[in-house]
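Spelled out, the chains give:
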Amino acid sequence: MIQREPGQKIRIASCSLAGCFGCHMSMLDIDELVVEVVHHLEYCRGPLNDVRELRDVDVGVVEGALCNEDNVKVLEQFRANCDLLVAVGACAINGGLPAMRNHFGLTACLKEAYLDAEGVVNPEIPRDAELPRLLNRVRPIQEVVKVDYFLPGCPPPAAAFTELFTALIEGREPAFDEDMVRFD
């Protein structure tokens, strides 16, 4: 767990890789607990405050799978700058919906999406150097970095985030009961 001095806030950062931001929305569903949390946690970086620079933090919360090289770079930066890393949601933990493309192969998916799909005008697979290079298969984050905690679900319920934040504040290991660990 995180060691801190009395009165010192726990620094948290979050990011979304290849996902839908549903986990971040569920994190916001902690409702009135947010009033208590802000006294103990400092949200340093993420889509909720649009801060892009990552400095050293105590806890990194990552949603989304690894679909391209940029996702891998962001994840490796997070791991290097976070004392604890939490994989949040099905996409981060097992690839989730983005991993459905793994059954068809990257070339077949690109061909279907950009060349053969109904309604495609001017068929061409994008080759812009500004676009991140796609990985051959979608990967869960623990295949690339060490993950300390897992919050399963699509998305995990707000109660799981409540337990995570409460445990961090109280300096104990989170205890996720059966109602918080869901796979729907």
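Located above this text is the structure these notes cover.
Residues numbered from 1 in each chain as written. Predicted model: local features only at pLDDT ≥ 70, side-chain atom pairs only at ≥ 80, totals over all residues. Heavy atoms only, no water.

## A look at the pattern of salt bridges
With the rule as written, the count across this model stands at 10 salt bridges. With a shortest N-O distance of 2.3 Å, lysine 146 and aspartate 148 are connected by a salt bridge. What makes lysine 146 exposed here is its relative accessible area of 57%. Connected through shared salt-bridge partners, Arg79, Lys146 and Asp148 make up one network. (Salt bridge = Lys/Arg side-chain N within 4 Å of Asp/Glu carboxyl O. Buried < 20%, exposed > 50% of the residue type's maximum accessible area, 1.4 Å probe, protein only.)

## Observations regarding the nonpolar core
When a protein is soluble and globular, its nonpolar side chains tend to lie buried together. The biggest cluster of nonpolar side chains holds 21 residues, and the ones touching the most others in it are Ile12, Val59, Phe165 and Leu168. Per element, the largest residue contribution to this core is 6 residues, and it comes from helix α6 (residues 158-170). Apart from residues no more than four positions distant in its own chain, valine 59 is found in contact with Ile2, Ile10, Arg11, Ile12, Ala13, Cys82, Leu84, Val86 and Leu168. (Core = buried A, V, L, I, M, F, W, Y, C linked by side-chain atoms within 4.5 Å. Helix = DSSP H or I, 4+ residues; strand = E, 2+ residues; numbered from the N terminus. Contact = heavy atoms within 4.5 Å.)

## So, the sheet that holds strand β3 (residues 57-63)
The strand order β2-β1-β3-β5-β7 describes an open sheet built from 5 strands, whose pairing is parallel. Strands at the two margins of the open sheet, each flanked by one partner only, are β2 (41-45) and β7 (149-151). Each strand axis lies, on average, 25 degrees off the axis of its neighbour in the sheet, ignoring direction. Pairing between strand β5 (residues 82-88) and β7: 3 bridges, direction parallel. For valine 88, the partnering residue across the bridge sits in β7 and is leucine 151. Packed on one face of the sheet, helix α3 (residues 69-81) meets β1 (10-16), β2, β3 and β5 and runs near 135 degrees to β5. Seen against the sheet, α6 touches β1, β2, β3, β5 and β7 and runs at an angle of roughly 150 degrees to β1. (Pairing = 2+ DSSP bridges. Axes fitted to C-alpha atoms, helices over the stretch in contact; angles between N-to-C directions.)

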